[in-house]
Amino acid sequence: MKLFIVTFFIVNSKNFTTVLSNFLFPVNNFTSPSPPVMFNTNNTFVNQQERSDSASFNLCTCKSAALCTTDGYWNIIDIRIVTPPIGTECDPGEVYCCTAGMDCGMNRMIRVPEIIPSSGQSNFGEYPWQVLIITLNNDYVGSGALITNNHIVTAAHRLTHFTKKGQHLFVRLGDWDLQTIKEPYPHVDVIVNQVMIHPQYDSTTLQYDVAILTLLSPVTTTLNINTICLPLPDSSFTSKTCWVSGWGKDMFGPKGNYQSIQKKVDVTILSPDDCNRHLKTTKLGPNFSLDEDSFVCAGGYKGKDACTGDGGSPLVCQNSDGSWMLAGLVAWGLGCAQHGVPGVYVNIPNMMSWIQQQIQPLPFNKR
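Residues numbered from 1 in each chain as written. Predicted model: local features only at pLDDT ≥ 70, side-chain atom pairs only at ≥ 80, totals over all residues. Heavy atoms only, no water.

1. Considering the environment of Met 352
Alright, step 1. Position of Met 352 among the secondary structure elements: in helix α4 (residues 348–359).
Alright, step 2. Sequence separation between Met 352 and Leu 230 is 122 residues, and the spatial gap between their C-alpha atoms is 8.0 Å.
Alright, step 3. Excluding anything up to four places from it in sequence, Met 352 contacts Leu 230, Pro 231, Leu 232 and Pro 233. (Helix = DSSP H or I, 4+ residues; strand = E, 2+ residues; numbered from the N terminus. Contact = heavy atoms within 4.5 Å.)

2. Notes on the pattern of salt bridges
Alright, step 1. Within this structure, the stated rule accounts for 5 salt bridges.
Alright, step 2. Salt-bridge contacts for Arg 172 lead to Asp 189; the nearest nitrogen and oxygen are separated by 2.7 Å. Of this pair, Arg 172 sits in strand β10 (residues 169–173) while Asp 189 sits in strand β11 (residues 188–197), and the two are 17 residues apart along the sequence.
Alright, step 3. You can call Arg 172 buried: its relative accessible area is 2%.
Alright, step 4. A relative accessible area of 35% places Asp 189 in the partly exposed class.
Alright, step 5. Beyond isolated ion pairs, a larger network of salt bridges with shared partners links Arg 172, Asp 175 and Asp 189. (Salt bridge = Lys/Arg side-chain N within 4 Å of Asp/Glu carboxyl O. Buried < 20%, exposed > 50% of the residue type's maximum accessible area, 1.4 Å probe, protein only.)

3. Overview of the nonpolar core
Alright, step 1. Formed by 55 residues in total, the largest nonpolar core has its most connected members in Leu 279, Trp 332 and Ile 355.
Alright, step 2. The dominant element in this core, judged by the number of residues it contributes, is α4, at 6 residues.
Alright, step 3. The next biggest cluster of nonpolar side chains, apart from the first, holds 17 residues, and it includes Val 296, Ala 306, Leu 315 and Tyr 345. (Core = buried A, V, L, I, M, F, W, Y, C linked by side-chain atoms within 4.5 Å.)

4. Looking at the state of the cysteines
Alright, step 1. With the rule as written, the count across this model stands at 4 disulfides.
Alright, step 2. Linked covalently through their sulfurs, Cys 104 and Cys 229 form a disulfide whose S-S length is 2.1 Å. Here Cys 104 and Cys 229 share a disulfide; its torsion about the S-S bond, 95 degrees, makes the bridge right-handed. Of the two residues, Cys 104 is situated in the loop between β5 (94–98) and β6 (110–111) and Cys 229 in the loop between β12 (211–215) and β13 (241–246); the sequence distance between them amounts to 125 residues.
Alright, step 3. The disulfide partner of Cys 242 is Cys 317, and the gap between their sulfur atoms is 1.9 Å. On the S-S bond that ties Cys 242 to Cys 317, the torsion sits near 100 degrees, and the link is right-handed. Taken together, the positions of Cys 242 in strand β13 and Cys 317 in strand β16 (residues 314–318) put the pair 75 residues apart, joining distant regions of the chain. Each member of the pair, Cys 242 together with Cys 317, is buried. (Disulfide = S-S within 2.5 Å.)

5. Here we look at the confidence of the model for the protein
Note that predicted coordinates carrying low pLDDT should not be read in detail.
Alright, step 1. Residues with a pLDDT of 70 or more make up 71% of the protein, whose mean pLDDT is 77.
Alright, step 2. Ranking the helices and strands of the protein by mean pLDDT puts strand β9 (residues 151–154) first, with 97, and strand β2 (residues 45–47) last, with 32.
Alright, step 3. This model gives residues 362–367 a pLDDT under 50, and the stretch forms 2 contacts once residues within four places in sequence are excluded. (pLDDT = per-residue confidence, 0-100.)

This is the structure we're talking about:
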């Protein structure tokens, strides 16, 4: 059966270049106001300088020794155990650990005084792992998520149209409002050095719709740029309410508009049985069966969905410790935000074995 898929269509490059033409700007001369202002946990604003001694913001803190070691995938050199300052001794079994940036999956919502987000718009810094993928000709390709200081994960279907033409890509990290440079921290553009597409990717069915981008140079995590945590291969997010963000269209079809300020929406992840039950009632027909190895479903509520142009955008779920974990990537759907029609996402836990193979760091000499 041939799928009628809408959210994976490649955006018309000429039209989107026109949309983005005023969004792609240099950052060399960017100056940021000081000090920036951030949210605390109850969504009131606090000054950054007032939080400089907070363990959740400080780059050095007490933690289990097992968590302050090279994990083989990210922060390979920067994580180190140090002697704690006097008065900050750690509890038994813990060490004083310093890192070069925030832990994965942590965010800091930062106020931009000139811009007040409206309903459905994210706050600056709320999704610091989300990136824009763009060609060197300024054609929008899609979105993705920063999973190490040197790697982006995205949907393979967003790349093949461009890579087949030999077009070179770069990623933009830390952006939020594509029409202004009013954010207190600048975005960063990095050239993509290598594109790795899952060997089982099927462009017809979109099975194994995942790819890894290796950056030409690693990025440093900041308040508006951070990695998203990766799940274990057997993780399940069924019934969890999670969030998807992006700059895609606000509705399906020619009347839909791409967004300048990043938007967000909460969606509940469905079980495979519930997903199939919903999709069988659509034009896919009663014989349709979703490939559970490749996909998960989320949403199905009117007015809440990813849409055209959101392909590759991260679907993230919050852990009990407040950190966020990558559950999926926007893959395909039938229209946008229709009642009873869930969106379909790449099943990231089932892709973890291949992802981990691609992001293994090169061996280095101990000294």
